[in-house]
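# Examination of the molecular architecture
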Amino acid sequence: GWTVKGRATPHASLELTFAVRQQGLEELSKKLLQVSDPASPQYGQHLTNAEVQQLTRPADADLARVSTFLAHRGISFWSATPNSDFLNC
């Protein structure tokens, strides 16, 4: 849990990570089962990392909401994981 200890000093540096909701998780699960089932025509046709990232990438509207939230609080620079599901400030 959280414990309030008071305000940080004005010059304190904090690192924050925001998780943005992924999409396509049900489809990813379905594909994983298909490539793992010897009776499936997709057996052994594993997805590439890029394909998984594209499938699970958060919706543009969700990313825009988080970006706007950060911008309104003066945070203009952040980094993201390859599929933008985690944003680090």
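Residues numbered from 1 in each chain as written. Predicted model: local features only at pLDDT ≥ 70, side-chain atom pairs only at ≥ 80, totals over all residues. Heavy atoms only, no water.

### A few points about the sheet that holds strand β1 (residues 17–19)
Taken together, 3 strands build an open sheet; the order of strands is β1-β3-β2 and the sheet is antiparallel. In this open sheet, the two edge strands, each paired with only one partner strand, are β1 and β2 (79–80). In this structure, β1 lies alongside strand β3 (residues 86–88), joined through 3 bridges in antiparallel fashion. Bridging across to β3, Phe18 finds its partner in Leu87. (Pairing = 2+ DSSP bridges. Helix = DSSP H or I, 4+ residues; strand = E, 2+ residues; numbered from the N terminus.)

### Here's the deal with the packing of helix α1 (residues 25–36) against helix α2 (residues 49–56)
In contact at an axis separation of 8 Å, α1 and α2 are set at 145° when each is read in the N-to-C sense. The handedness of the crossing between α1 and α2 comes out as right-handed. Only Val52, Leu55 and Thr56 of α2 make contact with α1, whose side of the interface consists of Leu25, Glu27, Leu28 and Lys31. Looking at the contact of α1 with α2 residue by residue, the classes come out as 4 nonpolar, 1 polar and 2 charged. (Axes fitted to C-alpha atoms, helices over the stretch in contact; angles between N-to-C directions. Left-handed = near helix turned anticlockwise from the far one by under 90°. Contact = heavy atoms within 4.5 Å. Nonpolar A, V, L, I, M, F, W, Y, C, P; charged D, E, K, R; others polar.)

### Here we look at the packing of aromatic side chains
For the structure on display, the rule yields 1 aromatic pair. Centroid distance Phe18 to Phe69: 6.1 Å. Interplanar angle 65°. Geometry classified as edge-to-face. Highlighted residues: Phe18 in strand β1 and Phe69 in helix α3 (residues 60–72), separated in sequence by 51 residues. (Phe/Tyr/Trp six-rings, centres within 6.5 Å; stacked < 30°, edge-to-face > 60°.)

### A short note on the pattern of salt bridges
Taken as a whole, this structure holds 3 salt bridges when the rule is applied. For the salt bridge of Lys31 with Glu27, the shortest nitrogen-to-oxygen distance reads 3.9 Å. Taken as a pair, Lys31 and Glu27 lie in helix α1 at a separation of 4 residues, close to a single helical turn. A relative accessible area of 28% places Lys31 in the partly exposed class. Here Glu27 falls in the partly exposed class, since its relative accessible area comes to 41%. The shortest N-O distance in the salt bridge between Arg57 and Asp60 comes to 2.9 Å. (Salt bridge = Lys/Arg side-chain N within 4 Å of Asp/Glu carboxyl O. Buried < 20%, exposed > 50% of the residue type's maximum accessible area, 1.4 Å probe, protein only.)

### Details of unusual backbone geometry
Generally, phi is negative for residues other than glycine and the peptide bonds are trans, each holding for most cases. In this structure, Ser84 is a non-glycine residue whose phi angle is positive, near 65°. Look at Ser84 and you get buried, because its relative accessible area is 13%.

### Re α3
Helix length check: α3, at 13 residues, gives a terminal C-alpha distance of 18 Å against a target of 18 Å (1.5 Å per residue), a fit within 8%. Considered for burial, the residues of α3 that qualify are Asp62, Leu63, Val66 and Leu70. On an axial view of α3, the arc spanned by its buried residues comes to 100°, and they lie on one face. Away from the buried face of α3 by more than 90 degrees, exposed residues Asp60, Arg65 and His72 are located. Against β1 and β3 lie the buried residues of α3. (Expected span 1.5 Å × (residues − 1). Arc of directions from axis to C-beta.)

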